[in-house]
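One letter stands for each residue in the lines below.
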Amino acid sequence: MTVPGDAARASNMSLALRAWNIRRKALLMGEVQGQGYIGQALGIADVLAASYFHALTYRADDPEWEGRDRFLLSIGHYAIALYAVLMEAGILPEEEYETYGMDDSRMPMSGMASYTPGMEITGGSLGQGLGIAVGMALGLKRKANPAFVYNLMSDGELGEGSTWEAAMAASHHKLDNLICLVDFNNQQADGKSTQMMSAEPLEQKWLAFGWHCQRVDGNDLNAVTAALDAARADAGRRPRAIVFDTRMCKGVPFLEEREITHFVRVEPDEWAKALTVLEEGKPQ
Ligand SMILES: Cc1ncc(C[n+]2csc(CCOP(=O)(O)OP(=O)(O)O)c2C)c(N)n1
Ligand SMILES: [Mg+2]
């Protein structure tokens, strides 16, 4: 039985190329519909590459394998980014990107666990993922299953009380098999997170809730992999958080420079241009 999590780690393909492939697949899906949460997908691509090709254990041909690490997408609107990495990991076939957002597609615009292999939960109502992750991590421990639970959440979800209830429960239950990844893109629906309701000082908050916490540049692959390694290796009987500062639209300079909003508008003729610009920056 193949274990692509291990195969991926052993492969010669660099994480930079993996991240580039994820960005390209997300743009191709965006082009299919003429829309999509592309700013978020481009921003989180490095964290997804490092998660799926450095940190996680899974079997691409058996997404429900009991021993897999669970990767929860709490932010259902980031589904386009998860589909891109699931295709890159071989859990979804590459050619399926052409169905993105269409009737009967396994890739709806907002994530649906029952539709998509490799999608562990239906996110979308913000602030639910960490609570579900706590339950899963507790259940795995009770079954003596050594898998980790990763929960990818947003900075907008830091404003949800349910997030902090879950954080407190995780620490109470000493869930050292739980790793919470926070995409701090400093953006939410109505403006910048720091202006809407600042969660700063954010590391101190996780620490005060009894968590191990790191904060790194989420678009620096070396920093991301080092943080994932440190989170797994921490000897404390406590849950672990990593706050990733990311840049929306990363990798497509003309979009990076556009005024960033929750939904970055890409004009019909700009998808092809974005793919061309990305191609120019392809890693060796
Ligand atoms: C409980 C809840 N309230 C409101 C919404 C509507 N909503 C969808 S995305 C979003 C933005 C939240 O910010 P963040 O999650 O950081 O998303 P980003 O702008 O970075 O994509 C909001 C408010 C929701 N999905 N769930
Ligand atoms: Mg955000």
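Residues take numbers from 1 onward in each chain, read along the sequence in its written order. As a convention, the first chain written is A and the first ligand written is 1, with the rest following in written order. For this predicted model, a pLDDT threshold of at least 70 governs which residues receive local features, and a threshold of 80 or more governs which side-chain atom pairs are given and counted, while totals over whole chains, interfaces and linings are taken from all residues. Excluded from the side-chain calculations are hydrogens and water; all other atoms, namely the structure's heavy atoms, are used.

Visitor: Could you give an account of the site of ligand 1, with specific residues and numbers?
Guide: Taken together, 15 residues lie around ligand 1, and Gln40, His77, Gly124, Ser154 and His262 are the ones closest in. Interatomic distance of 2.7 Å between a side-chain N/O atom of histidine 77 and an oxygen atom of ligand 1. One of the backbone nitrogen or oxygen atoms of leucine 126 is found 3.1 Å away from a nitrogen atom of ligand 1. Reported accessibility uses the Shrake-Rupley method at a 1.4 Å probe radius. Residues are deemed covered only where the shown protein chains occlude them. When isolated, ligand 1 has an accessible area of 590 Å², and the protein chains bury 72% of it. Here a cavity means grid points, on a 1 Å grid over the protein atoms only, where a 1.4 Å probe fits yet cannot get out; a pocket means an open set of points with protein on both sides within 12 Å along at least five of seven lines; lining residues are those with an atom within 4 Å of a point. A cavity or pocket is said to hold a molecule if more than half of that molecule's atoms lie within 2 Å of its grid points. Placement of ligand 1 is best described as lying within the largest pocket. When residue character is reported, Ala, Val, Leu, Ile, Met, Phe, Trp, Tyr, Cys and Pro are called nonpolar, Asp, Glu, Lys and Arg charged, and the others, Gly included, polar. Here the residues of the shell around ligand 1 sort into three nonpolar, 10 polar and two charged. Being near a molecule or strand, for a residue, means having at least one of its heavy atoms within 4 Å of it. Polar contacts, as used here, are pairs of N or O atoms within 3.5 Å; protein pairs need one atom able to donate a hydrogen and one able to accept it. Residues neighboring in sequence count only if both atoms are side-chain atoms.

Visitor: How would you sum up the nonpolar core? Please name residues and give values.
Guide: One broad rule of soluble globular proteins: the nonpolar side chains tend to lie buried together. In these notes, a set of buried Ala, Val, Leu, Ile, Met, Phe, Trp, Tyr and Cys residues joined through side-chain atoms within 4.5 Å is what counts as a nonpolar core. Each residue is placed in one exposure class: buried if its accessible area under a 1.4 Å probe, protein chains only, is under 20% of its type's maximum, exposed if it is over 50%, and partly exposed if it falls in between. The biggest cluster of nonpolar side chains holds 68 residues, and the ones touching the most others in it are Leu27, Tyr52, Phe71, Tyr83, Tyr150, Leu181 and Ile242. Of the residues forming this core, the biggest block, 12 residues, is contributed by helix α3 (residues 38-55). Here, two residues are considered to be in contact whenever any of their heavy atoms come within 4.5 Å of each other. For tyrosine 83, the residues in contact, after removing those within four places along its chain, are Met29, Leu92, Tyr100, Arg106, Met107, Pro108, Ser110, Gly111, Thr116 and Met119. Formed by 28 residues, the second largest nonpolar core is a distinct cluster that contains Met153, Leu158, Trp164 and Cys180. Strands are runs of DSSP state E lasting at least two residues, helices are runs of H or I lasting at least four, and both sets are numbered from the N terminus onward.

Visitor: So what about the pairing of strand β4 (residues 212-217)? Which residues, and what values?
Guide: Sheet topology note: the β4/strand β5 (residues 240-245) ladder contains six bridges and is parallel. When the bridges of β5 are listed, glutamine 214 appears paired with isoleucine 242. We call a crossover right-handed when, viewed with the strands running away from us, the connection from the first strand over the helix to the second turns clockwise. The parallel pair β4 and β5 is bridged by helix α9 (residues 221-233), and the resulting crossover is right-handed. Pairing between two strands is assigned when DSSP locates at least 2 bridges connecting them.

Visitor: Please provide a residue-by-residue account of the packing of helix α2 (residues 15-33) against α3, values included.
Guide: Axes here refer to lines fitted to C-alpha atoms; in helices the fit is confined to the stretch in contact. Angles between the N-to-C directions go from 0 to 180 degrees. Between α2 and α3, the least distance of the axes is 8 Å, while the angle of their chain directions is 140 degrees. Considering the angle they form, α2 stands oblique to α3. For the pair α2 and α3, the crossing hand works out as right-handed. Packed against α2, whose contacting residues are Leu15, Arg18, Ala19, Ile22, Arg23, Ala26 and Leu27, the element α3 presents Ile38, Ala41, Leu42, Ala45, Asp46, Leu48, Ala49, Ala50, Phe53 and His54 at the interface. Classifying every residue of the contact of α2 with α3 gives 13 nonpolar, one polar and three charged. Here the angle decides the label: under 35 degrees means roughly parallel, over 145 means roughly antiparallel, 65 to 115 means roughly perpendicular, and every other value means oblique. By convention the crossing between two helices is left-handed if the near helix lies anticlockwise of the far one by an angle smaller than a right angle, and right-handed if it lies clockwise.

Visitor: Quick one: what's the story with the coordination of the magnesium ion (ligand 2), residue by residue and with numbers?
Guide: Distances from the magnesium ion (ligand 2) to its protein donors, Asp155 (OD), Asn185 (OD1) and Gln187 (O), fall at 2.1 to 2.3 Å. Linear spacing of the donor residues for the magnesium ion (ligand 2) on their chain is D-x29-N-x1-Q. In this pair, aspartate 155 is assigned in the loop between β2 (149-154) and α6 (161-172) and asparagine 185 in the loop between β3 (178-184) and α7 (193-196), connecting sequence segments 30 residues apart. Accessibility expressed as a relative area gives 3% for aspartate 155, which makes it buried. Residue classification places asparagine 185 among the buried positions, given a relative accessible area of 10%. Metal coordination here is assigned from N, O and S atoms located within 2.8 Å of the ion, or within 3.2 Å for Na, K and Ca; omission of water means that sites may look incomplete.

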